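# Working through the structure, step by step
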There are 2 protein chains.
Amino acid sequence: MKFEIKDRDASGRICKYKTNHGTVTTPTILPVINPNKMIISPKEMKNLFGTEIVISNSYIIYKDKKLKNKALEKGVHNLIDFNGSIMTDSGTFQSYVYGDIKIDPFEIVEFQRDIGSDIGTILDVFSLPDQKKSEVEQIVKETVNRAKKSVELKGNMALACTVQGSIFPEIREKCAKQLSKLDSDFFPIGGVVPLMENQRYADLVRCIIYSKKGLDPSKPVHLFGAGHPLIFPLAVALGCDFFDSSAYAKYANDERFLFPWGTEKLDNLNELPCTCPICSKYSISELSKLDKKNKTIEIAKHNLYITYNELKKIRNAISNGSLWDLVERRANSNPYLLEALNEIKKRENKEYLEKNEPSCRKKALFYTGSHTIHRPEIYRIHNRLIERYEEPFKTTIVFPEGRKPYYAYYSEKIKKIFKKNCKVNILIDSHIGPVPLELDEMYPFAQSVFPEKTDKETEDYITTKFDEYAKNKNLISWKGAETLKDLESNNRESIDFDILRLKAISDIQFGKGAGSVLLNGKIRIVKSKKTRKIRNVYCNNKHILSMRAEDGLFTLKIDGANMLHHHFKYPKLRVVVDDDAVEFVKDGKSVFSKFVIDCDSDLRPFDECLIVDKKDELIAVGRCLLNRIEMLSFNYGMAVKTREHIK
Amino acid sequence: MKFEIKDRDASGRICKYKTNHGTVTTPTILPVINPNKMIISPKEMKNLFGTEIVISNSYIIYKDKKLKNKALEKGVHNLIDFNGSIMTDSGTFQSYVYGDIKIDPFEIVEFQRDIGSDIGTILDVFSLPDQKKSEVEQIVKETVNRAKKSVELKGNMALACTVQGSIFPEIREKCAKQLSKLDSDFFPIGGVVPLMENQRYADLVRCIIYSKKGLDPSKPVHLFGAGHPLIFPLAVALGCDFFDSSAYAKYANDERFLFPWGTEKLDNLNELPCTCPICSKYSISELSKLDKKNKTIEIAKHNLYITYNELKKIRNAISNGSLWDLVERRANSNPYLLEALNEIKKRENKEYLEKNEPSCRKKALFYTGSHTIHRPEIYRIHNRLIERYEEPFKTTIVFPEGRKPYYAYYSEKIKKIFKKNCKVNILIDSHIGPVPLELDEMYPFAQSVFPEKTDKETEDYITTKFDEYAKNKNLISWKGAETLKDLESNNRESIDFDILRLKAISDIQFGKGAGSVLLNGKIRIVKSKKTRKIRNVYCNNKHILSMRAEDGLFTLKIDGANMLHHHFKYPKLRVVVDDDAVEFVKDGKSVFSKFVIDCDSDLRPFDECLIVDKKDELIAVGRCLLNRIEMLSFNYGMAVKTREHIK
């Protein structure tokens, strides 16, 4: 089953997943189809919502003699009259709802295979949120054992092996690791419905993160039983690819309308606050007057319009780099969801999420409240400032935050400093933390929008970060021209701020020391005539760097890559490709995951990288789409987009 | 022109406004119709979006000889082919955009009248955000002078007199007051486009609040030039009824899609994240391929679908009491809008907004972030606790916040306290502030959803509020059973918590001392068999109070009203009606604003009130829909819904 990443943001991803019955674009939802009562047929769903995949329950089919025989004879696609992809569930959820069910765990896998399910599911054991650790450990052991035997029976069917482990993070992670070692194709995160029913979203976040930590990142992840769009943005941002649910129908049956921000009962609405074809077709009184059956169908359609539309919004947010904005915006509509975001403040979770976080974005970062400052990308830049950035001089003048870009805003004062050749650093005490002036045009410093006054929590956090940065540094506050008196310098050597800028960005982007390496020679800078911003950088007449207008970061040219390759030891910045791929890459072709042998673990999605062969010969320079563990796990799709190769 | 309030929330309201061409439901938008280039005709708008009112520009019509003659001959409704309500603007905005325009300020009013505009606008003078105070004062003086003369020319047309005053709150308020004294029918808030263009939403909030403070509350208020739905929820919550804009068309011309959370350019979208009929009809590539004209029309339609839908959401939020939730949710999508909410933290603004704030709601209050705690209703309850609530005993035990309802959550501990007849108060240190246990079922204490951990700012604010409350009180923290040791009591009189509860709620709801008055006799309490909550209260066999299940507040019965009427001096809790209305009210009819002579200034929308005649004879009890200043200003609509009258 081909599964490949096409685009990404946060720990979320847009993927293509190929089944025996077509290709599915994720993140998406699998509407639950009950073969006994379809209120909207899968065929109609395909027409109305572009549904590519649905889920049905093999246990229900198996238990009904008529359905069973028809499914065995003509296949499940015929049974529910759908030629797209079909996943089947196994009865585990029924065991949760109705208690013990009588079915052999392997027979149900074989049955799913025999009726032609595209993705079948093992009969895992449901772990409850209030179970004891020892019980949960037993459940996971049994689940893994069943998975082990089940993979041998799967045949041509993709097999979904469900991660259990209740709310114990370490058991989730262990279960995920064990399942990932098997020949499984698809990973539902199970046992989470009771958490969602009780709005225990913080527990849910932990379950997802720890399951994801243990899982093979090259396989799809399915949040089992999640059907309310409220949870989608956060779940996708944590790495879930699939959702499923009968919520659209269940809620419709109760005359409840799903919305991205929650649920509204028909009775409580005076108008239909929605533009979907159903809500455009009826007035509220017309809809209320429909008979029960038709009302349910129409509300179910509304629910699916909203559900699929939220997925579109999520995919758009991934493409334009605003998924965290969407997550925070949605979380603001539910206090429990907002609370769940507190999980992301935890260091261990930030550390995990940071590895998947792209290194640049098309859109500016928007402050939405006290959670914004805890985004993994901000965590990263604070760390990188301390790890990678070196202040050029001994003394630092601190300016309060002015308007952006800071250099232009403070230009008069800066001119005074430069005129006297004062050897001082300039640091901005900004809402996002300390910003060395050299980095003022770089993402996310320039490309972030904070209000003039944030909230107390953000202010406190930033103060801590500022203090961490300031430790052992000689900082003085700008107090007008007299600040300079003490710093008067006889130094005749003038300061070339452009060079400082190039060095600082290089160090942050490629690692400490990168700036000195790249700028070791005669430097020529070409600026944009219009914006006066740096565009291209030449060292000894070789074009080594270009600066991107949108994020103020560099694209690395092959000559620059060569300099970094000489200086930095293996595996720093490298992606190592198999011999089979070398000629292709030299031909300008991109690097596919299956040809990656190794990779620098510090590389992040969208980072610039050096493509080398097994002997560490530089063959090209490109842009990563995956991080190390992904490159080593994925069998399909691009790992590095090659930009320039050695001639 | 009839204008009446039908429903309300925050300082926002749903009104019916009757013009010469029909009735308009507000809040709504007036799409700008340029008679020279209609990309969507008003007639089509009516079909597609239910458009009831549009705005056109009389200056443009006046300047074009052909249009002018046609308008004068056949009327503006014929000119733009629309039989709904039409407002006309006067050219003021053109003077802002293009500099001085040559037109006589009174001729243009007469012209609007003569072409049959339903609402014409004076030619006010546009004040800019960066103008000096003295200049702005001159502008306002000239604007008011023009308004004075214009009202004499208006004839059968409603006349809109625009509030100017740049960003000077006191000038805005003064201008508004002066205009309110004239015979004007409609109040645009003008000069705000430059603020919106630069996302200076905090300035905008001040302009709206101070204009509203000075304006006659019984007239519609129009935020001139506001067309992006992003600003609607906040502007409505501050009391704006109308918006207008060409944004739908201008943005469409740039291939930009309006959304409630911002704007997206067609180029940046991979999918159309919207369910409207336009976005359901086209794929993104199909839409991209349309010719310029058709593409603009289709995007303009999308923009209007979204705009009208946001207004539906706002009206629904008003009806179900969740307008602040919506405001905060929307603000979270734009840092500048979020910052504008800081204005609401200011005491003078809270004080103003609190007067319009309903005293109860259908929906629970949802925490959305650091702004929630500053809602006017929370400001009110903190004040009322200090002003109206009296602790029954000398010592108070403080419990940390447990689950709601607190009484049930702490029942074991409370039983211990009661068993020993300890005379102590119990206070919960909750996320919303101090909550005396007697009030634990009352709105907003029970009906609010806060996460387990809020944000630092909220925590600090609540600590301050707790300290204010605790001042001069003897508070001890609950430290298990030993807390009780020091409080052991030989008092044989047992505590009747239900009575304490009734007293506390009465005091908070009706004023200090109300509880003692109402409970002065033999009390019988009837509880719900199912929930065991108090339902009805009898004193000396008279039914005096009923408790509402949804908000834990009382509805006042006529016998209870009588007791309060005897005790509290005029005008406390009273609404005084004119002699003409007395018989109608005695007949059970509701009180209409025009018959209200006076009213207690402490009454708030949805408060229980005593309806009295001029001699202060109690004639009925009811529920206010308006506050004092509104009752005295409105000529139309209901002021008090009568519930029970003296027999």
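Note on numbering: residues in each chain are counted from 1, in written sequence order. Following the order in which they are written, the chains are lettered starting with A and the ligands numbered starting with 1. The predicted nature of this model means local features are confined to residues of pLDDT at least 70 and side-chain atom pairs, given and counted, to a pLDDT of 80 or more, with totals for whole chains, interfaces and linings taken over all residues. Side-chain measures here rest on the full set of heavy atoms in the structure, leaving out hydrogens and waters.

By definition, any uninterrupted DSSP run of H or I lasting at least four residues is a helix, any uninterrupted run of E lasting at least two residues is a strand, and each is numbered from the N terminus. From N to C terminus, chain A includes 28 helices and 29 strands. Scaling as 2.2 N^0.38, a compact globule of 647 residues should have a C-alpha radius of gyration of about 26 Å, and chain A matches this with 28 Å. Overall, the C-alpha framework of chain A stretches about 95 × 60 × 50 Å when taken along its three principal axes. For each residue, the accessible area found with a 1.4 Å probe, counting protein chains only, is set against the maximum for its type, and the residue is called buried under 20%, exposed over 50%, and partly exposed in between. Residues classed as buried in chain A amount to 64% of the 647 residues present. Contacts: residue pairs with any heavy atoms within 4.5 Å of one another. Pairs at least 24 apart in sequence give 69% of the contacts found in chain A among residues at least 6 apart. Per element, the accessible surface of chain A, about 25,500 Å² overall, is 47% carbon and sulfur. None of His or the chain ends enter the tally, which takes Lys and Arg as positive and Asp and Glu as negative. Charged groups are reduced to one reference atom each: NZ for lysine, CZ for arginine, CG for aspartic acid, CD for glutamic acid. Positive and negative side-chain charges in chain A, numbering 104 and 89 respectively, have mean positions lying 3 Å apart. The globule rule used here is 2.2 Å times the number of residues to the 0.38 power, and the radius of gyration it is set against is calculated over C-alpha atoms. What sets the accessible areas is the Shrake-Rupley method with a 1.4 Å probe; for residues, cover comes only from the shown protein chains.

Let's shift gears to helix H22 (residues 456-470) of chain B. Residues and elements named next belong to chain B. Here the expected span of a helix is defined as 1.5 Å times the quantity of residues minus one. Relative to the 21 Å expected for 15 residues at 1.5 Å per residue, H22 spans 21 Å between its end C-alpha atoms, a close match to the ideal helical length. For H22, the complete set of buried residues consists of Glu 457, Thr 458, Tyr 461, Ile 462, Lys 465, Phe 466, Tyr 469 and Ala 470. Under the rule applied, a polar contact is a pair of N or O atoms within 3.5 Å (in protein, one hydrogen donor and one hydrogen acceptor; residues adjacent in sequence only if both atoms are side-chain atoms). Where H22 starts, the residue carrying a side-chain oxygen 3.1 Å from the main-chain nitrogen of Glu 457 turns out to be Asp 455. Asn 472 occupies a position one or two residues after H22 and carries a positive phi of about 65°.

Our next topic: the relation of the copies chain B and chain A. The two copies are related by a screw operation: chain B maps onto chain A through 180° of rotation and 0.0 Å of translation along the axis, at an RMSD of 0.0 Å. The transformation just described matches what one would write down for a two-fold rotation axis. A shared binding surface is used by both copies, with 100% of the interface residues of chain B retained as interface residues in chain A. Superposition of the copies was done by least squares, using only C-alpha atoms of residues whose pLDDT is at least 70 in both.

All names here are of chain B. For Ile 139, the location among the structural elements is in helix H7 (residues 133-151). Looking at Ile 139, the relative accessible area reads 10%, which means it is buried. Linking Ile 139 and Ser 166, residues 27 residues apart in sequence, is a C-alpha distance of 9.5 Å.

All names here are of chain B. For two strands to pair, DSSP has to find at least two bridges joining them. Reading across from one edge, E20-E21-E22-E23 is the order of the four strands in this open sheet, with antiparallel pairing throughout. Among the strands making up the open sheet, the edge pair consists of strand E20 (523-527) and strand E23 (554-556). If you compare each strand with its neighbour and ignore which way they point, the axes differ by 25° on average. Relative to strand E21 (residues 534-539), E20 runs antiparallel, the two being bridged by five bridges. Within the sheet, the bridge partner assigned to Ile 523 lies in E21 and is Cys 539. Across the sheet, helix H26 (residues 558-567) lies against E21, strand E22 (542-547) and E23, angled at about 100° from E22, the strand it touches most. Helix axes use the C-alpha atoms of the stretch in contact, all axes being lines fitted to C-alpha atoms, and the angles between their N-to-C directions lie in the range 0 to 180 degrees.

For the rest of this paragraph, the subject is the pairing of strand E22 (residues 542-547) of chain A. Residue and element names in this part refer to chain A. Most of E22 sits inside the fold, with five of its six residues counted as buried. As paired elements, strand E21 (residues 534-539) and E22 share four bridges and run antiparallel to each other. Residue pairing in the sheet places Val 537 in a bridge with Leu 545 of E22. Between E21 and E22, which pair antiparallel in sequence order, lie two residues; one of them, Asn 540, sits at a positive phi of approximately 50°. Linking two consecutive strands that pair antiparallel, namely E22 and strand E23 (residues 554-556), is a turn of six residues; a positive phi of about 65° is found at Gly 552 within it.

A word on helix H21 (residues 411-419) of chain A. Residue and element names in this part refer to chain A. Within H21, burial applies to Ile 414, Ile 417 and Phe 418. Buried residues along H21 cover an arc of 95° about the axis, so they all sit on one side. Turned more than 90 degrees away from the buried face of H21, the exposed residues are Glu 412, Lys 415 and Lys 419. Those residues of H21 hidden inside the fold are in contact with strand E15 (395-400), helix H20 (406-409), strand E16 (424-430), helix H23 (482-485) and helix H24 (497-510). Just past H21, the residue Asn 421 takes up positive phi, approximately 50°. The arc in question is traced by the directions running from the helix axis to the C-beta atoms.

This brings us to the sheet that holds strand E25 (residues 591-592) of chain A. Residue and element names in this part refer to chain A. Taken in spatial order, the six strands make up an open sheet running E25-E29-E28-E27-E24-E26, and their pairing is mixed. Each end of this open sheet is capped by a strand with a single partner; those strands are E25 and strand E26 (596-599). As judged from the five bridges shared by strand E28 (residues 618-624) and strand E29 (residues 638-645), these two strands associate in the antiparallel manner. The residue of E29 that forms the bridge with Arg 623 is Lys 641. Packing against the sheet, helix H26 (residues 558-567) makes contact with strand E24 (574-577), strand E27 (608-612), E28 and E29, and its axis sits at approximately 105° to E28.

This paragraph deals with the confidence of the model for chain A. Looking at chain A as a whole, its pLDDT mean stands at 95, while 99% of the residues score no less than 70. Interface confidence for the predicted complex, given as ipTM, is 0.91, next to a pTM of 0.94. Values of pLDDT, ranging from 0 to 100, describe the predictor's confidence in every residue of the model.

This next bit is on the pattern of salt bridges. A pair is scored as a salt bridge if a Lys or Arg side-chain nitrogen falls within 4 Å of a carboxyl oxygen belonging to Asp or Glu. Taken as a whole and assessed by the stated rule, the structure comprises 96 salt bridges over all chains. With a closest N to O distance of 2.8 Å, A:Asp241 and A:Arg13 form a salt bridge. Within this pair, whereas A:Asp241 is found in the loop between helix H11 (232-237) and strand E11 (242-245), its partner A:Arg13 is found in strand E2 (residues 12-19), the two being separated by 228 residues in sequence. With respect to burial, A:Asp241 and A:Arg13 carry one shared label: buried. In this structure, B:Arg146 and B:Glu142 form a salt bridge, with 2.8 Å as the shortest nitrogen-oxygen distance. One end of the pair is B:Arg146 and the other is B:Glu142, both in helix H7 and four residues apart, which spans about a single turn. The partly exposed category is assigned to B:Glu142, whose relative accessible area is 35%. One continuous salt-bridge network, built from bridges that share partners, spans A:Arg200, A:Asp203, A:Arg206, A:Glu343 and A:Lys346.

By nonpolar core is meant a set of buried Ala, Val, Leu, Ile, Met, Phe, Trp, Tyr and Cys residues that side-chain atoms within 4.5 Å join together. Core analysis: the biggest nonpolar cluster contains 214 residues, and A:Ile417, B:Leu223, B:Phe243 and B:Leu323 have the highest contact counts within it. Ignoring sequence-local partners within four residues, the contact set of B:Leu223 consists of B:Ile189, B:Val192, B:Leu204, B:Ile208, B:Ala235, B:Cys240, B:Phe242, B:Phe243 and B:Asp244.

Turning our eyes to something else, we now look at unusual backbone geometry. Note that the residue after B:Lys404, namely B:Pro405, is joined by a cis bond; omega there is -10°. Turning to its location among the elements, B:Pro405 is positioned in the loop between strand E15 (395-400) and helix H20 (406-409). The amide bond that connects B:Tyr443 to the next residue, B:Pro444, takes the cis arrangement and shows omega of 0°. For B:Pro444, the position within the fold is in the loop between strand E17 (433-436) and strand E18 (448-449). Of note, the phi angle at A:Ser166 is positive, near 50°, even though the residue is not glycine. Looking at the element boundaries, A:Ser166 is found in the loop between strand E8 (158-160) and helix H8 (169-181).

Moving on, we come to the interface of chain B and chain A. By a frequent convention, interface size equals the accessible area lost on bringing the separate parts together. On the side of chain A, 45 residues touch chain B, which itself brings 45 residues to the contact. When two parts are brought into contact, each loses some accessible area as probed by a 1.4 Å sphere; the total of that loss over both is the buried area. Interface of chain B and chain A: buried area, both sides summed, is about 3,900 Å²; carbon and sulfur atoms make up 50% of it. Counting the contacts that link chain B with chain A gives six salt bridges. Of the charged contacts, one joins B:Lys363 and A:Glu264 as a salt bridge, the two residues approaching to 3.3 Å between their closest N and O atoms. At the surface where chain B touches chain A, the tally comes to 23 residue pairs in polar contact (both at pLDDT 80 or more). Among the elements of the structure, helix H13 (277-281), helix H15 (292-320), helix H17 (335-340) and H22 of chain B are those that each provide at least two residues to the side of chain B that touches chain A. No other element matches H15(B), which puts eight residues into the side of chain B that touches chain A.

Before going further, it helps to spend a moment on the packing of helix H7 (residues 133-151) of chain A against H8(A). Residue and element names in this part refer to chain A. Packing of H7 against H8 leaves a shortest axis separation of 10 Å and a crossing angle of 10°. The angle between H7 and H8 falls in the class roughly parallel. When H7 is examined against H8, the residues Lys 133, Val 136, Glu 137, Val 140, Val 144 and Ala 147 are found in contact with a partner set consisting of Glu 170, Ile 171, Cys 175, Gln 178 and Leu 179. For the contact of H7 with H8, the per-class residue count stands at seven nonpolar, one polar and three charged. Angle categories are assigned with fixed cut-offs, so that under 35 degrees is roughly parallel, over 145 is roughly antiparallel, 65 to 115 is roughly perpendicular, and the rest are oblique. Lys, Arg, Asp and Glu make up the charged group, whereas Ala, Val, Leu, Ile, Met, Phe, Trp, Tyr, Cys and Pro make up the nonpolar group; the residues left over, Gly among them, are polar.

Let's shift gears to the pairing of strand E28 (residues 618-624) of chain B. Residue and element names in this part refer to chain B. The element E28 is extensively covered by neighbouring structure, given that six of its seven residues are classed as buried. Note that strand E27 (residues 608-612) and E28 share five bridges and pair antiparallel. Across the sheet, the residue bridging to Glu 608 is Arg 623, located in E28.

Now for the packing of helix H10 (residues 201-214) of chain A against helix H18 (residues 347-356) of chain A. The relative placement of two packed helices comes down to the angle between their axes together with the axis-to-axis distance. Residues and elements named next belong to chain A. The contact between H10 and H18 brings their axes to 11 Å, and the two run at 50°. In terms of axis orientation, H10 runs oblique to H18. The two elements H10 and H18 meet at a crossing, and its hand is left-handed. On H18, the residues touching Ile 209, Tyr 210, Lys 212 and Lys 213 of H10 are Glu 348, Asn 349 and Tyr 352. A crossing counts as left-handed when the near helix is turned anticlockwise from the far one by less than a right angle, and as right-handed when that turn is clockwise.

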